[in-house]
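A structural walkthrough
The primary structure of each chain is shown beneath.
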Amino acid sequence: MKVIRVHITGWVSSFRNPLFISGFQPTLPLPPLSTLYGLLSAAKGEWVTPNDAAIGFVFKSNGRAVDLETVYEFGGKLDAKSNINRREFLVQPELYLYTPELWLRDAFERPHYPLLLGRSSDLATVNSIEEVVLERKTETTYYNTILPFPDSQLHGQIQALPTHFTADIPRRQCGTRAYCLITEKIKYEGDVLHDPDKNWGVYLHAHIN
């Protein structure tokens, strides 16, 4: 299968853990699909959802750290109360984004809006865009990615995550389901796609009815 492989890097990134509302804000180790479809939408300049493009990814970082940030809480008046929160972030994030939608190459070559790996301060840069061919195999190794759960071959952190958000405001979550966050290498058997250049499996997420 022919796809484009987009290599994206940044200085820091953070992906909010939906189980934490206030206080300490830990980051997920891997981006949810909603973050990646937001990335596609920023590059294209138009709303892109799982109905428009299938995507797969491998994400790596070089460690974690914790920062202090000031939060201003508005109570319906013009004055605001400040508070200090501890927020975890990932250092030197590196994303390999795959999609068979070759028309998205132009979007990443000339992004319409700034690209982000998480919050509005987590700016990212496109390092390279390549057309590659994924091999169909009966076995591969998955790691640093997310796969739908349940699956008896998988193990790792389980999170309910959205695939994307609506374009109207207030934003609403769409396609929320359970995913397994794969942070350790897992040998996987089945009808799989494999990147021979990187020697890892690529799971393409598409629209789920």
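Reading the values: the criteria
Residues numbered from 1 in each chain as written. Predicted model: local features only at pLDDT ≥ 70, side-chain atom pairs only at ≥ 80, totals over all residues. Heavy atoms only, no water. Helix = DSSP H or I, 4+ residues; strand = E, 2+ residues; numbered from the N terminus. Rg over C-alpha atoms; globule rule 2.2 N^0.38 Å. Buried < 20%, exposed > 50% of the residue type's maximum accessible area, 1.4 Å probe, protein only. Contact = heavy atoms within 4.5 Å. Areas by Shrake-Rupley, 256 points an atom, 1.4 Å probe, with all protein chains shown as cover. Lys, Arg positive; Asp, Glu negative; His and termini not counted. Charge placed at Lys NZ, Arg CZ, Asp CG, Glu CD. Core = buried A, V, L, I, M, F, W, Y, C linked by side-chain atoms within 4.5 Å. Pairing = 2+ DSSP bridges. Axes fitted to C-alpha atoms, helices over the stretch in contact; angles between N-to-C directions.

1. Examining the overall build of the chain
Along the chain, the regular secondary structure elements total two helices and 15 strands. The C-alpha radius of gyration of the chain comes to 18 Å, within 12% of the 17 Å expected for a compact globule of 209 residues. Across its three principal directions, the C-alpha atoms of the chain cover 60 × 35 × 35 Å. Here the chain, with 209 residues, has 44% of them falling under the buried criterion. A separation of at least 24 residues holds for 76% of the contacts in the chain among residues at least 6 apart in sequence. For the chain, the exposed surface amounts to about 11200 Å²; the carbon and sulfur share of it is 50%. Here the chain contributes 21 positive and 23 negative side-chain charges, whose respective centroids are spaced 3 Å apart.

2. Quick notes on the nonpolar core
Among the nonpolar cores identified, the biggest contains 32 residues, and Ile8, Leu33, Leu40, Phe57, Leu95, Leu97 and Phe108 are the most heavily contacted of them. Elements with a minimum of two residues in this core: strand E1 (2–10), helix H1 (33–44), strand E3 (56–60), strand E6 (94–99), helix H2 (104–109), strand E7 (124–133) and strand E13 (177–182). Looking at this core, the element that brings in the most residues is H1, giving seven residues. Once you skip the residues sitting within four places of it in the chain, leucine 40 turns out to touch Val48, Ala53, Ile55, Leu97, Leu104 and Phe108.

3. Brief notes about the sheet that holds E1
Pairing is antiparallel across the open sheet formed by four strands, whose spatial order is E3-E6-E1-E7. What marks the edges here is a single partner per strand, and that holds for E3 and E7. Strand-to-strand twist of the sheet, defined as the mean angle between neighbouring strand axes without regard to direction, takes the value 15°. As paired strands, E1 and E6 are joined by six bridges and run antiparallel to one another. Note on E6: the bridge partner recorded for isoleucine 4 is threonine 99. The sheet strands contacting H1 are E1, E3 and E6, and the helix crosses E6 at an angle near 75°.

Coordinates in, geometry out; function isn't part of it.
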